[in-house]
Amino acid sequence: MAGTTPQHIDVEGVDGGVGLTALLVAAARAIETHRHDSLARDAYAEHFVRAAAACADWPVRIEQVPDGDGNPLWGRFARYFGLRTRALDDFLLRSAAAGAGQVVLLGAGLDTRAFRLDLPSDCVIFEIDRAGVLAFKQRVLTDLSAAPKAKRVPVPADLREGWVGALTTAGFDPAAPSVWLAEGLLFYLPGPAETYLIDTVDRLTAGGSALAFEAKLEKDLQAYRDSPIYTATREQIGIDLLYLFDKGPRPDSAGALTARGWSTSMHTPFDFTRRHGRGPLPEPNDALEGNRWVFAHKPVP
């Protein structure tokens, strides 16, 4: 198993830091894909896991985990990621069907929605992430001869720095409706960077646009340091999520959008567990307790 020394947050590719968490989510999607009651299917996910030396011994099926769904990491936490994938898939498909012809994936990681979702053929998907992550992803997809179902435009940029110019240069049109996803991203950013990102999405979006993101409400993340999920993730694969999460106060991004006229709704993951009849439910000392999924729509003037 990987060592438990925290990975440095600024590693460029997927071999450490936040990039390594993209492989964790890919492994979770692979496990979800092979379940008989799968919430989301991603045929590419296990190929990312197998292509990276950092996770050569990670499971891609729940049958490869000795304690199966009793494992806090590969059982409950992986199912959480599967549920999140499904919720955001559904949101994206609804938004595209309603006329959002541009998709922006903020911190796209190893997202394969351009390849696996039946989006309108004239839809354009912009994937923003650091160059090293996008390069690894492209190598794997090229080896698989994978073809996107809609136009896909990788945008190498660091979301903590200036990325708007890179996005507009790549062809993004602020005057046309768009749908944005920030999946498992914001709590790695300093609070001011999150505020800038949300402000920028508001500035770059036309009426009829939509945004979904994940937030955390905990005042003290360390209160859950010994939770089964965080403990298992540290001990089994050497990823200390609490080391990677920003420790500063979090802005009220949902409230900021509401104040600007967006309609917003905030849900717990457990709301979707109950909706779909499978997924994590609350438990004691639960690292998922403070997680919220926010869905926002910008009205047409």
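Placed above this text is the structure.
Residues numbered from 1 in each chain as written. Predicted model: local features only at pLDDT ≥ 70, side-chain atom pairs only at ≥ 80, totals over all residues. Heavy atoms only, no water.

So, about the packing of aromatic side chains. Under the defined criterion, the tally for this structure stands at 17 aromatic pairs. Considering the side-chain rings of Tyr80 and Phe81, the 5.6 Å spacing of their centres and the 65° angle between planes classify their relative orientation as edge-to-face. Neither Tyr80 nor Phe81 differs from the other in exposure class; each is buried. One aromatic cluster is present, built from ring pairs that chain together Phe77, Tyr80, Phe81, Phe91, Phe272, Trp293 and Phe295. Sitting over the ring of Phe187, Lys216 keeps its end group 5.8 Å from the ring centre. (Phe/Tyr/Trp six-rings, centres within 6.5 Å; stacked < 30°, edge-to-face > 60°. Buried < 20%, exposed > 50% of the residue type's maximum accessible area, 1.4 Å probe, protein only. Lys NZ or Arg CZ within 6 Å of the ring centre and 35° of its normal.)

It is worth spelling out the side chain of Thr233 at this point. Along the chain, Thr233 turns up in helix α8 (residues 228-237). Of the polar contacts made by the side chain of Thr233, one reaches the backbone oxygen of Ile229; its length is 2.8 Å. With sequence-adjacent residues up to four places away left out, Thr233 is seen in contact with Leu24, Leu73, Phe77, Gly238, Ile239 and Leu241. (Helix = DSSP H or I, 4+ residues; strand = E, 2+ residues; numbered from the N terminus. Polar contact = N/O pair within 3.5 Å; in protein donor to acceptor, adjacent residues only side chain to side chain. Contact = heavy atoms within 4.5 Å.)

Moving on to the nonpolar core. Core analysis: the largest hydrophobic core is formed by 74 residues, its most contacted members being Leu23, Phe48, Trp58 and Trp74. When near neighbours in sequence (up to four residues on either side) are disregarded, Trp58 contacts Leu20, Leu23, Leu24, Ala27, Val49, Arg50, Trp74, Ile237 and Ile239. Formed by 31 residues, the second largest nonpolar core is a distinct cluster that contains Leu106, Phe172, Phe213 and Ala215. (Core = buried A, V, L, I, M, F, W, Y, C linked by side-chain atoms within 4.5 Å.)

This next bit is on the layout of surface pockets. The computed volume of the largest pocket comes to approximately 420 Å³. Along the wall of the largest pocket there are 23 residues; nearest its centre are Lys216, Leu217, Glu218, Pro249 and Arg250. Counting residues per element, the lining of the largest pocket draws most heavily on strand β5 (residues 210-216), at four residues. Tallied by class, the residues present in the lining of the largest pocket amount to 10 nonpolar, three polar and 10 charged. (1 Å grid on protein atoms, 1.4 Å probe; cavity = no way out; pocket = protein on both sides within 12 Å on 5 of 7 lines; lining within 4 Å. Points joined across faces, edges and corners; volume = space filled by probe spheres on them. Nonpolar A, V, L, I, M, F, W, Y, C, P; charged D, E, K, R; others polar.)

This next bit is on the packing of helix α3 (residues 72-97) against α8. In the contact formed by α3 and α8, the axes pass within 9 Å of each other and the chain directions differ by 130°. Between α3 and α8, the crossing angle belongs to the class labelled oblique. Viewed along their axes, α3 and α8 form a crossing whose handedness is left-handed. Touching Pro72, Leu73, Trp74, Arg76 and Phe77 of α3 are Pro228, Ile229, Ala232, Thr233, Gln236 and Ile237, all from α8. (Axes fitted to C-alpha atoms, helices over the stretch in contact; angles between N-to-C directions. Parallel < 35°, antiparallel > 145°, perpendicular 65-115°, else oblique. Left-handed = near helix turned anticlockwise from the far one by under 90°.)

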